[in-house]
Every structure is written in structure tokens, then in C-alpha cells.
Amino acid sequence: MQIRNIAIIAHVDHGKTTLVDQMLRQAGVFRANQQVNERVMDSNPLERERGITILSKNTAVRWGDTKINIVDTPGHADFGGEVERILRMVDGFLLLVDAAEGPMPQTRFVAGKALALGLKPIVLVNKIDRQDAEPLRVHDEVLQLFLDLEATPEQFNCPFLYTSSRAGTATFDLKTPGTDLRPLFQTILDTIPAPQADPEGPFQMLVSTLDYSSYLGRIAIGRIERGRVRVGDTVALLPLGEPGPVGEGLYEQARVVKLFGFEGLERVELEAAAAGNIVALAGLVGVEIGKTVTAPDYLERLAGIAVEEPTISVDCKVNDAPFAGREGKFVTGRQLRERLFRELERNVALRVEETDDPQTFTVSGRGELHLGILMETMRREGYEFQVSRPRIIPREGPHGERLEPYEELMIDCPEGYLGVVMEKLGPRRAELLDLRNPGVGTVRMRFKIPARGLLGYRSEFLTDTRGTGVMHHRFFQYGPWAGPLSGRSRGVMVADREGVAVAYALFNLQERGTMFVKPGDAVYEGMIVGESARTGDMDVNPSKEKKLTNMRTTASDEMIVLEPPRQVTLELALEYIEDDELIEVTPSSIRLRKRALGATERRKLARSARAAEES
């Protein structure tokens, strides 16, 4: 049986998962009358809610006598670690580009990684049925991207197809509309090489991703680079290190308890598998991503998986707020520590470090969304904890200078909002790299901006552009320290006592700013209940009730009309808070609070901070 291993890579929301769904349908994975959800590949509830892919997933289709193993990858820059590790399993990739938007930052990032590994590309200009589609312009932009990324002549002369993943069609020529995906399947068979693997040599496999089963334990997924493996075989699990033969060092021996292959959306049990196949092995207790599994009599290590370093970190600590333990199932430091270190097993771009305080852990990741998804997953599992404001991870340059991470920021917005976007990004130390006006009423700007400057900007940007702007960013490089940046321009309203929020009190407070709580919400001293319209913080009493008298007047019973409070989501909270504030995350609520809950204590800390600055 012939084998082809391919990855599908693209920017977020360009149609990867929809295309994989159509490939599964047209290859006969589903019966003609079978009712299947849209986006069957996005099986995680968080993925379905947000409409983005977070975890890379394996599937396989048969076309004729060839088995095509497909890996669907995330398109968001924060989950680049997922993409980097699965590229080692494949021999080619489908590069999906939107026919209107063209190559975006994440397209450049992932395509650069894939081309550097020598993988064969097939370019799909997708969404050609959009009203504003310009497939020929995008064709030229992709060729320019390949030139910029120093593609080899063979990679540069790759096939181009024009597709509509929603309709499930592909064509080589725009003048002859496609009817199905046959041209795509045939191009994959003709262009992507079969795996260059030796089925007769000693067994060797690199672990590219992990899964977990409560019955089988950890399951290692990867491509067999050499040899064969059977259920019941004894294998050696080599520790991480330099590639090449391993001497008499320590290694773990294990027995292959179960062996799985991929067929459509199902995992199927196999008795044996040969080189070139993507398989899942169960029975390896200490397996980690990047480790090599080999035959015990031939210990040779493969090159591990290099993942870019994280750029943002937060402190994750045990919840010590007055309402701690009321809503969560897992609330202790030991449970929080176990969960964070368990996440490291499959999330290779994450780092977790212990601090001097046994109740606090430093968690580092690729961006706010990367960390936000982890926190959202944990709170849904029943964990309760607190999170500090995100901070960037600086580095030291070759001459001892301080360097900080810079992001490449891409903004699409209507022409009328160009001025306000430039005005807001100026104080955040953004540098304009490129500005294009395609003449359709929207402007595309490309900036280089310190990662610190992006913290808290997304919500401001959506307000400034009335929700019409689109922004994407990815890690660009480490550069010189940009100097001090201004923080949040407005203060907050802080509750001065414990109680329950009352409509009468909130009605009087909403004139002073925007509320975060609604009537009936429990509040405690030091909890942030709203945003003030002025710069300084304000202590307020949201549980103040109306004084009742025996006098009746027409004015006393006026209707109380409250504005709806601002919904505090994890992403908004991470962008919003300052250094002296924390986010309290529980399974049923997200609250903002001050680190020091008492008003007197906060005033003392502010005085000592001012004294330290003056001295």
C-alpha cells in the first residue's frame, strides 16, 4: 500500500478544517446519508465555541490504493508549538491562503518552518467564491512569500490550485470551475513523495505528539522512521539529547501493549506497522514529546523537536480571596501543581517553574491566547486559582544589553479609522513597516511593536474601530528595550466591604463609569466592581441600599434602569489588569481584585512606592 503524509497549514480562519471535512466526505469516510456535524475535526468544546483549531489532529483517507495521512494544524500564532512538532511527521504540506486576504503573518511563520525542513508544498488559493476574492493577486503574493523565505527552485515551482473548501471544489484553471476535490487528491499523489524510510532496518520512531487514555495511560504518536513494530515487541525509550548512537547510558525498556493506526476519524488496532506509517503506541510509561523509541539492540537517537521559547509569563497561585473554595473542586497548591506539570507532557511550548512561594507557580507561554486557553480548560475541569498580569520575558544581548520580544502586528481596518489606530499605537512604541491601500475601502498596516505594547490593546482596538477592524500578530524577533510604556488610562471602582450588589447602588455608580457586576452578585472588600471614568481608583459601596422612610413622594419610587455590565472574559481580564491586581478564576465566575484587599493597606503601599521613587 502506498502512503502519503501531509500537513495542512494556514493562517487562522482561512478554511483548513472545513477543507479536511470535505476531503473526508469525498473520500467516502462518511456514508452518503450520514448526518455529521460541521467541522468534525474540531472535536474539543473550546474549539467549537471559538471556531479555531487549538490542537493538531491526525486523520487518514484512502484514495485508490493510497493511504493519505493528514494532520490538521492550528492557525493561531500562539499555538505554533503544535505546528512545529507535527511537521517532523510529514513529507509535504498544503499551504492554504485566503483568496481575498492573501498571506498573513502566521502563513509566513509556518510556511518558513516547513520550507526550511525541505517539505514539498502544494498551494491552495481558497475561498475563490468570496465577493472580494482576487486569486491572481494572491497567487503572485504567495510566490513573493516563497522568494522571501528562500524556497528552493523545486519548492518554488510547486502546483497551485484554486479551491472552495465550503463547496468542496478544486480546479487548476479559474476559467473552468471545479466540481469536486479530485484534482487535489491527484496532485497530492503526484507531488508529495512517499516516505523515505527503510522497512528492513532496526525499529526507530520519534515521538511527535502525545495522547492519554485512562485505561492505557500515555499514548505516543509519531511516524516510524525505520523498521517495523509489532504488538508485544520490547522497545527502548531513549532520553532527550544529541542525535546519534547512544552508548551504555541509562534508558527505559518497555513493551508495546497496543498499536493503533488512523483510518478516517477512527483509531484502528493493528498487529504490526512498517516504516513510513503514522502510528500510536501504548505501553510506554515515561514517554515525552521529542524522545526516540528504538529497538533495544540498536540505540540510535533522532534529532529532538526544537520549539521556540515562550515570550510571556504569568504567576498562577492558589486562590486566597474571601470566597475561595466555594465554587471549585480542586483548590489546593498540590492539586494546582500536579495539573500544571501534567500540562507540560503534551504542551511543548509551555514552561512551568516553581517560585520561592510554594503556593505560586510561574507559567510561561507563546501569548495571551495560549495561556488563556490553558486557564479556560483548567477552570472547566473544576480548578480554582488566581492569575497575575502577563509580563514579557526579557533576554540579555551579546554585549549585556537588555532585549525584549517584538511582535509583527497586522491590522486591517476601514480607511476612516486609520488615524485613531496610528494615534493609539504611537505611545505603545509601534513602528510602521508597511501600509497598503488596495482600493476597496480597507487599509492594511504592518507594524513592529514590543510585546508589552500589545498587552491590553485588542479590546481598545475593537472599541476604536467599532468592531470592524481585524488584527493578527506573531513573534517577530528580540530587539532593544523600548523604554517605559504607559499603562491603563482609567482607574477602577473597588468595593469597600463584603455584601451583595444592589440595583439602587449600581444605578448611582454607573454614572461614574462602567460596571462589571450586576444586582445579586456577591462582592467582597478589595474586589474590582467597575471601571472609573477618571484616572484614579475609587472605593465604592455597591451593596448600599435605599433608606426607607414612612414619607411617600412621587420622586422616591422612580424606575431604576441599569446598563448591562461589561462581560469579564479571561482574555479581557488578562489584557485589563495592572501589576497590583489579580484575576480570580473559578469554574463559575471570573472576578478581578486588588492584591491588597484593604483600602488602608493599599494607601500604605502606594505611599511607600512613591517614597521609593523619590529617593
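As a reminder, the structure under discussion sits directly above these lines.
The rules behind these values
- Residues numbered from 1 in each chain as written.
- Predicted model: local features only at pLDDT ≥ 70, side-chain atom pairs only at ≥ 80, totals over all residues.
- Heavy atoms only, no water.
- Patch = residues over 30% accessible without salt bridge, like charges linked within 9 Å, V, L, I, M, F, W, Y side chains within 5 Å.
- Areas by Shrake-Rupley, 256 points an atom, 1.4 Å probe, with all protein chains shown as cover.
- Salt bridge = Lys/Arg side-chain N within 4 Å of Asp/Glu carboxyl O.
- Helix = DSSP H or I, 4+ residues; strand = E, 2+ residues; numbered from the N terminus.
- Polar contact = N/O pair within 3.5 Å; in protein donor to acceptor, adjacent residues only side chain to side chain.
- Contact = heavy atoms within 4.5 Å.
- Expected span 1.5 Å × (residues − 1).
- Buried < 20%, exposed > 50% of the residue type's maximum accessible area, 1.4 Å probe, protein only.
- Axes fitted to C-alpha atoms, helices over the stretch in contact; angles between N-to-C directions.
- Parallel < 35°, antiparallel > 145°, perpendicular 65-115°, else oblique.
- Left-handed = near helix turned anticlockwise from the far one by under 90°.
- Phe/Tyr/Trp six-rings, centres within 6.5 Å; stacked < 30°, edge-to-face > 60°.
- Lys NZ or Arg CZ within 6 Å of the ring centre and 35° of its normal.
- Nonpolar A, V, L, I, M, F, W, Y, C, P; charged D, E, K, R; others polar.

Caption draft 1: Structural view of a nonpolar patch on the surface. A contiguous nonpolar surface patch, about 230 Å² in accessible area, is contributed by M422, L432 and L435. Position of M422 among the secondary structure elements: in helix 10 (residues 418-425).

Caption draft 2: Inspection of the side chain of S532 at higher detail. Mapped onto the elements of the fold, S532 is located in strand 35 (residues 527-532). A distance of 3.1 Å separates a polar atom in the side chain of S532 from the backbone nitrogen of R534. Sequence-distant contacts of S532, that is, excluding residues within four places in its chain, are made with R490, G491, V492, M493, R512, G513 and M538.

Caption draft 3: Region of interest: helix 9 (residues 368-380). Along its 13 residues, helix 9 runs 18 Å from first to last C-alpha, staying within 8% of the 18 Å computed at 1.5 Å per residue. Of all the residues in helix 9, the buried ones are E368, L369, H370, L371, G372, I373, L374, M375, E376, M378 and R379. At the C-terminal side of helix 9, G382 shows a positive phi close to 105°.

Caption draft 4: Structural detail: the packing of helix 10 against helix 12 (residues 457-464). As a packed pair, helix 10 and helix 12 sit with axes 10 Å apart at the nearest point and diverge in direction by 155°. One element, helix 10, and the other, helix 12, form an angle in the roughly antiparallel class. Where helix 10 crosses over helix 12, the two elements pack in a sense that is right-handed. Mapping the contact onto sequence places V420, V421, K424 and L425 in helix 10 and Y457, E460, F461 and D464 in helix 12.

Caption draft 5: Molecular detail of unusual backbone geometry. Positioned with a positive phi, E150 is a non-glycine residue whose angle comes to about 60°. Mapped onto the elements of the fold, E150 is located in the loop between helix 5 (135-148) and helix 6 (153-156).

Caption draft 6: Spotlight on the packing of aromatic side chains. Enumeration over the complete set of coordinates arrives at 5 aromatic pairs. Pairing Y457 with F461 gives two aromatic rings, centres 5.8 Å apart and planes at 45°, and the pair type is tilted. Of this pair, Y457 and F461 both sit in helix 12, 4 residues apart, roughly one helical turn. Overall, the relative accessible area of 0% leaves Y457 in the buried class. You can call F461 buried: its relative accessible area is 0%. Geometry around Y478 places R395 over its ring, the cationic atom sitting 4.1 Å from the centre.

Caption draft 7: Seen up close, the pattern of salt bridges. A full pass over the atoms with the stated rule returns 38 salt bridges. Note that R339 is salt-bridged to E381, the shortest N-O span being 2.6 Å. With R339 in helix 8 (residues 333-343) and E381 in the loop between helix 9 and strand 24 (385-387), the pair connects residues that are 42 residues apart, well separated along the chain. By relative accessible area, R339 is classed as buried at 4%. With relative accessibility at 32%, the residue E381 sits in the partly exposed group. The residue E584 makes a salt bridge to R591 at a minimum N-O spacing of 3.0 Å. The exposure classification of E584 matches that of R591, with both residues buried. Within this structure, E134, R137, E141, D434 and R436 form a network of salt bridges that share partners.

Caption draft 8: Region of the structure containing the packing of helix 8 against helix 9. For the pair helix 8 and helix 9, the least separation of the axes is 12 Å and the interaxial angle reads 130°. By the angle class used here, helix 8 and helix 9 are oblique. In this structure, the crossing between helix 8 and helix 9 has a hand that is right-handed. Between helix 8, through L336, R339, L340 and E343, and helix 9, the contact on the second element is made entirely by L374, T377 and M378. Residue composition of the contact of helix 8 with helix 9, by class: 4 nonpolar, 1 polar and 2 charged.

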